[in-house]
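Descriptive analysis of the structure
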Amino acid sequence: MRTFKLSIAMLATTAMTAPAFAESHLPIVDEPLELTIHMHWPRAQGYGVGGDTGVIYPVEEVAREKTNIHLIDKTSGRNTTDNNEAMNLLIATGDLPDIVGGNLIQQPVNQYGPEGAFVPLNELVEEHAPNIKKFWEEHPGLKEAISAYDGNYYYIPYLPDGKYGRAWYIRQDWLDKLGLEQPDNVDELHDVLVAFRDQDPNGNGRKDEVPYFARQWEEVNRLLTLWDARSSGSDTYHDFYINDEGTVVHPYAQPAYRDALANVAKWYEEGLIDAEIFTRGASSRDFLLGENLGGMTHDWFASTSGYNAALAEKVPGFNFIPFLPPKSAGGVRMEEHRRIPIKPDGWAITYKNEHPVETIEYFDFFFSEEGALLANFGVEGKTWDMVDGEPVYKPEVLESGTPVNSQMYLEGAQIYRGYPQDYRYEWQWTDPAAREGIELYDSEDLLVDQFLGVAFNKDEQAVYDKYWPSLKTYMLERQQAWILGSGDIKADWDAYVATLEKMGYSKIIEVMNTAYVRQYS
Ligand code: CA
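Residues numbered from 1 in each chain as written. Predicted model: local features only at pLDDT ≥ 70, side-chain atom pairs only at ≥ 80, totals over all residues. Heavy atoms only, no water.

So, about the sheet that holds strand E7 (residues 210-212). An order of E7-E10-E6-E11 is seen for the 4 strands of this open sheet, with the pairing classed as mixed. Whereas interior strands pair on both sides, the edge strands pair on one side only; in this sheet they are E7 and strand E11 (320-323). When the angles between neighbouring strand axes are averaged without regard to direction, this sheet yields 35°. Direction of pairing for strand E6 (residues 166-171) relative to E11: antiparallel, over a ladder of 4 bridges. (Pairing = 2+ DSSP bridges. Helix = DSSP H or I, 4+ residues; strand = E, 2+ residues; numbered from the N terminus. Axes fitted to C-alpha atoms, helices over the stretch in contact; angles between N-to-C directions.)

With 7 of its 9 residues buried, helix H15 (residues 369-377) lies for the most part within the structure. Within H15, the full set of buried residues consists of Gly371, Ala372, Leu373, Leu374, Ala375, Asn376 and Phe377. Just downstream of H15, Gly378 is the residue with a positive phi angle, here 90°. (Buried < 20%, exposed > 50% of the residue type's maximum accessible area, 1.4 Å probe, protein only.)

With that settled, the discussion passes to the environment of Ile273. Tracing the backbone shows Ile273 in the loop between helix H10 (255-269) and helix H11 (284-290). With a relative accessible area of 2%, Ile273 lands in the buried category. In this structure the C-alpha to C-alpha distance between Ile273 and Phe213, which are 60 residues apart in sequence, comes to 6.2 Å. What Ile273 contacts, discounting residues up to four positions off in sequence, is Tyr212, Val220, Leu223, Val264, Trp267 and Tyr268. (Contact = heavy atoms within 4.5 Å.)

The full count for this structure, using the stated rule, is 38 aromatic pairs. On the basis of an interplanar angle of 45° and a centroid distance of 5.9 Å, the ring pair of Trp347 and Tyr362 is categorised as tilted. With Trp347 in strand E12 (residues 346-349) and Tyr362 in helix H14 (residues 356-365), this residue pair connects regions lying 15 residues apart in the sequence. Judged by its relative accessible area of 0%, Trp347 is buried. Among the residues examined, Tyr362 registers a relative accessible area of 0% and is labelled buried. Ring geometry for Trp347 versus Phe363: centroids 4.6 Å apart, planes at 10°, classification stacked. Placement of Trp347 in strand E12 and of Phe363 in helix H14 is noted, with a sequence separation of 16 residues between them. Across the pair, exposure class does not vary: Trp347 and Phe363 are buried alike. One aromatic cluster in this structure is built from Tyr164, Tyr169, Phe213, Phe301, Phe318, Phe320 and Tyr441. Lying over the aromatic face of Phe366, Arg417 brings its terminal NZ or CZ to 4.6 Å of the ring centre. (Phe/Tyr/Trp six-rings, centres within 6.5 Å; stacked < 30°, edge-to-face > 60°. Lys NZ or Arg CZ within 6 Å of the ring centre and 35° of its normal.)

Another point: unusual backbone geometry. The step from Leu26 to Pro27 runs through a cis peptide bond, and the omega angle for that step is -5°. Structurally, Pro27 is set in the loop between helix H1 (5-17) and strand E1 (33-41). Even without being a glycine, Asn68 presents a positive backbone phi close to 75°. Here Asn68 lies in the loop between helix H2 (58-67) and strand E3 (69-73).

Bringing the nonpolar core into the picture now. Ranked by size, the top nonpolar core spans 81 residues in total, and within it Leu223, Val264, Trp267, Ile273 and Tyr496 carry the most contacts. The greatest single-element share of this core, amounting to 8 residues, is contributed by helix H20 (residues 458-483). Formed by 71 residues, the second largest nonpolar core is a distinct cluster that contains Ile37, Ala44, Ala148 and Ala375. (Core = buried A, V, L, I, M, F, W, Y, C linked by side-chain atoms within 4.5 Å.)

Summarising the metal site, the calcium ion is bound by the protein donors Asp200 (OD), Asn202 (OD1), Asn204 (OD1), Arg206 (O), Asp208 (OD), Glu209 (OE) and Glu209 (OE), whose distances to it range over 2.2 to 3.0 Å. All donors of the calcium ion belong to a single chain; written as a sequence motif, their spacing is D-x1-N-x1-N-x1-R-x1-D-E. Given the relative accessible area of 35%, Asn204 is considered partly exposed. A residue is classified by how much of its surface remains accessible, and Arg206, at 55% relative accessible area, is exposed. (Donors = N, O, S within 2.8 Å, 3.2 Å for Na, K, Ca; no water.)

The following block contains the structure:
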C-alpha cells in the first residue's frame, strides 16, 4: 500500500498560504487557473464530451467563463470501463491530478485520504464553501455518512434528489379483463398472480403468462418484504440494515428471512415467479411486456411508465401501472427501495493540488443556485430557459427522442461531479402515469430509513475483507438454491446459521457496529 507522508507536510503548507475568500465571489480567480482532473464514470472515461479530451463540455465552457477555473482532462484508465481498474491505475502512477472525480470514489478516498493522498475537506468547506456548508446544515447526517474512519471527509458527493426509485407495477388491463381488484395485501397478491397464471389474461389460449418478473434477478428478494423480512438496507442489493434495536445486521441472517424466503420458494414452485428469473437478464422487461407475457414487476417509476406509450399499438389496451405495495403478512405497507440521498460518486482534491482553496470554491460554485442549475440542466438558453422562476427544458430537448439524461451527459450536466441533483430535472420528462404513481406513493408513509454505510479503520477493513466476500457468496448461493427448490430453508436453517457463524458473521457484525457507533453517534 502506498503512503503519502511527505505530501501531508506539503499540503499543510499550501493550505495555510492559500488566499481566503469570505464568500463565493465570481470569478474565483482573476487570471485563468488550470486544474487537472481524472473523471472516470460509466458514461465516459474522461472529462470531455463522450469522454473525448479534445471536445469541451458546453457546461465546462460556461463554468470557465464564470469562475476562471479551467478543468483539464487527465484521466487514467481511459481504455477500461472498469472503475476499480482505472482507480488502481491512477493510484499506481502516484502522479495524481488536482481533482479526482467519477463514480465509486468514496472507498478509495476514505482509504487513501487518511494516508495523505487526498485533502480533508472539513475545514476547507467550513471556511470557503458557504453553499456546501449550508447544504450539510439542511441535510443532517450526510456529512457523517461520507466521513472516513479518522472523522474527516475527503470528497464532495453527487447528491441525488427525489424520494422514490422503484415501485410495484401491475397489468391493470389484465386485472380488468379478469374482473379482479388491485391486490391490497400479500394474500390477495397471491390470488391475483395465480389468476394471471391460470386464466389466460393475454387471451392467446396458452398458459404462457409470467406472473412476476424482474430485469434484475435480485428483485425476486423484494418479495421478502411481503412477509416482513428485508432484502437490503440501502439502494445496493444485499446490503446490511439497521434493525429496530439500532444495530447493524444482515437481512439474510434473520429468522424473518427464513420464513419469508420459504414463501418466495413456494411462489416460485407454483410458477408465480418467472422460472428464468436468475438468467433472463436485463432485457426481460422489454421482452415480457413487449410479448404481452409479463404481469407484475418491481422497477423504476420513470423507465417503467414509458411502456404504456411504447406498446400502445403493439399490445392493444396495454396498461402497466404502479400500485401501492401490498400489505405484508404483518400488516405493513412498505416500499423498501428509495433513492439514496448520497452517492459514493463525486470529486476530491488530491495532495498534489496547490490550489485547494480555489478548488473548494470551485466545488462550492456547483452548490450555488447558478452553478447547480448549470450542473443539472446544462447551459441556460441552450438546453433550457428560466420560465416564471423555474428552469424549463426547451421543447427540442424534451421532444428529441433521446432520453434527457443522455443528452445532458453530452452537455457536461448530470455527470458525476459533486453537486446537488435537482428533481425538477427529472420531473419534466417523467410521463404523466409515473407522476400519478409518485403522487400515489406519496399518499402513504411507505419509505424506511436507509443504511448509509460505514467507514472502516484498517483493522476493521481487514476483518471485513477477510470474511465478507465469501460469506456473501455463500448466502447468495444458498438463497438461489432454496428459491429454485434445492433444499428447504426451514429444515436447513440451523445448519445455515452455524455455517455463517463459522465463516465469520459475528466478526463482520462486530466491526460494522463498532464503525457505525463511531461514525453516527
Ligand atoms: Ca396466455
